[in-house]
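As a plain string of letters, each chain reads:
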Amino acid sequence: MTNDYKFEEYLRNALSNSISSSNPSEDTKQKARKLSSSYFQDLKEKLLIEYENKSLSDIMDCKVSKTSFGDALKITKTERIDFKIEDNNFKNQINSNLKLLPKIGLKTEENLKRKGFTTIESLEGHDKYCDMASKFMNRIDDMSFKETFDLLDNNRYSKKCRDNLIKCISMTDVENFKFMDIETKGLSNVPIILIGIAEIKNNKIIASQYFLRDYFEEPNIIEAYMSHLDESSIHVTFNGKTFDVPFIKNRCRYNGINADLDMVHLDLMYFAKGLWKDKLPNCQLQTIEKEIFGIEREEDVPGQYIPGYYDTYLSKSNIGPVVPIIEHNCQDIISLASFLERMYEEVN
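Residues numbered from 1 in each chain as written. Predicted model: local features only at pLDDT ≥ 70, side-chain atom pairs only at ≥ 80, totals over all residues. Heavy atoms only, no water.

*Asks:* I'm lost on helix H7 (residues 130-140) in this one. Help?
*Replies:* Every α-helix winds through 3.6 residues per turn, so residues three or four apart in the chain are directed the same way. Buried within H7 are the following residues: Ala133, Phe136, Met137 and Ile140. Projected down its long axis, H7 shows its buried positions confined to an angular sector of 95°, all on one face. Residues of H7 that are exposed and angled more than 90 degrees away from the buried face: Asp131, Lys135 and Asn138. Buried residues in H7 make contact with helix H5 (90-95) and helix H8 (145-154). (Buried < 20%, exposed > 50% of the residue type's maximum accessible area, 1.4 Å probe, protein only. Helix = DSSP H or I, 4+ residues; strand = E, 2+ residues; numbered from the N terminus. Arc of directions from axis to C-beta. Contact = heavy atoms within 4.5 Å.)

*Asks:* Can you walk me through the environment of Ser57 in this structure?
*Replies:* Summarising the element assignment, Ser57 is placed in helix H4 (residues 56-59). A residue is classified by how much of its surface remains accessible, and Ser57, at 48% relative accessible area, is partly exposed. Note: C-alpha distance between Ser57 and Ile75 (18 residues apart in sequence) is 8.5 Å. Separated by 2.9 Å, the side chains of Ser57 and Ser55 make a polar contact. (Polar contact = N/O pair within 3.5 Å; in protein donor to acceptor, adjacent residues only side chain to side chain.)

*Asks:* Please explain the pairing of strand S3 (residues 177-184) as it appears in this structure.
*Replies:* A regular strand places its side chains so that they alternate between the two faces of the sheet. Taking burial as the measure, the 8 residues of S3 include 8 buried ones, the bulk of the element. What you see with S3 is no split at all: Phe177, Phe179, Asp181 and Glu183 on one side and Lys178, Met180, Ile182 and Thr184 on the other are buried throughout. The pairing of S3 with strand S6 (residues 234-237) spans 3 bridges and is parallel. Each bridged residue has a counterpart across the sheet, and for Phe177 the counterpart in S6 is Ile234. (Pairing = 2+ DSSP bridges.)

*Asks:* Help me understand the pattern of salt bridges in this model?
*Replies:* A pair can form between side chains of opposite charge whenever their charged atoms are brought close. Applying the stated criterion across every chain, the model contains 16 salt bridges. Among the ionic pairs, Arg114 bridges to Glu110, the shortest N-O distance being 3.0 Å. Note that Arg114 and Glu110 are positioned in helix H6 (residues 106-114) at a spacing of 4 residues, about one turn of the helix. Classification of Arg114 by relative accessible area gives exposed; the value is 58%. Given the relative accessible area of 48%, Glu110 is considered partly exposed. Overlapping salt bridges bring together Glu289, Arg297, Asp300 and Asp332 as one network. (Salt bridge = Lys/Arg side-chain N within 4 Å of Asp/Glu carboxyl O.)

*Asks:* Explain the packing of helix H10 (residues 218-226) against helix H11 (residues 240-255) here, please?
*Replies:* How two helices sit against one another is set out by the angle between their axes and by the gap between those axes. Running from N to C, H10 and H11 point in directions that differ by 125°, and their axes come no closer than 10 Å. Comparing the axis directions of H10 and H11 gives the class oblique. The handedness of the crossing between H10 and H11 comes out as left-handed. Across from Glu218, Pro219, Ile222 and Tyr225 in H10, the residues of H11 making contact are Ile248, Arg251, Cys252, Tyr254 and Asn255. A per-class count over the contact of H10 with H11 returns 6 nonpolar, 1 polar and 2 charged. (Axes fitted to C-alpha atoms, helices over the stretch in contact; angles between N-to-C directions. Parallel < 35°, antiparallel > 145°, perpendicular 65-115°, else oblique. Left-handed = near helix turned anticlockwise from the far one by under 90°. Nonpolar A, V, L, I, M, F, W, Y, C, P; charged D, E, K, R; others polar.)

Structure representation (structure tokens):
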């Protein structure tokens with residue numbers, strides 16, 4: 001086969017993947033159709049027909065939860081999960097990170113280790129750093145997970161040592177992870193229409209979703225979600241530091257809810273970029289699902305269409321348009337558990 005023929009074959013394949021070519025492939029046509037507004041209008045009409053005269057309790061495990069503000073609809077889904085965080089003796093790894101002490105940077109650490117000071121404990125015998133090292137070693141065994149996480153996160157070299165924030169999860173119980181995601185009516189100053197939170201208990205992952213049946217129920221679903229949190233909770237999100245948690249805080253203020261959401265937060269988007277940006281086309285959640293875990297979603301509704309779908313649900317009193325939104329949110333929070341486990345394996 002000549003080089004010219006190979007190039008022509010490559011060019012034909014490349015052009016067939018472009019919708020603007022004269023002869024795009026059927027797969028390319030289908031992908032383009034699914035990006036069009038007409039596709040999502042047709043999908044909405046199809047859902048209205050499919051779910052006419054049905055309630056969410058007909059197709060999902062639903063019950064009403066009581067809160068101090070009123071009732072909240074809770075949707076529950078339980079799956080088996082083999083979620084393992086193997087012990088990695090992380091406190092011993094901390095001992096080897098000299099940069100956790102004040103005034104020790106990358107070059108100083110390198111020089112100290114070259115001289116035989118390979119651990120913070122060994123620095124107790126150093127003329128300059130002995131006092132700081134002794135104080136650190138005296139408290140290291142008594143440090144809680146939150147104290148350890150904050151120590152690592154607030155260190156000026158935390159970006160260079162970001163893997164440590166994943167490695168240190170061996171120090172906590174898996175029941176403390178709260179895999180969370182929200183769906184909203186827009187990007188700011190609008191109601192939350194769905195809050196999903198997944199927890200791992202006895203080799204099962206339990207997804208609890210609180211759905212806004214009408215706008216007046218927003219404080220109800222927020223308080224229902226808050227009932228899952230305590231001082232040991234760890235938020236696990238994807239872009240939740242920038243969007244989800246600040247959004248909930250804002251809606252708490254709007255609804256007069258006193259909430260403390262300043263807990264340990266693992267935003268997996270940042271770790272995904274560090275671990276997989278060179279392996280994937282992008283580090284979006286659904287790209288990671290498809291490329292790393294082999295999960296490809298059907299009839300998924302992009303965020304820009306969610307407000308319109310929700311409005312149709314309210315105006316038509318038909319659950320059809322919100323079914324894929326609830327399913328999307330559930331898949332998001334369950335996927336986060338798989339992401340975290342895979343990330344932990346890779347950094348260790």
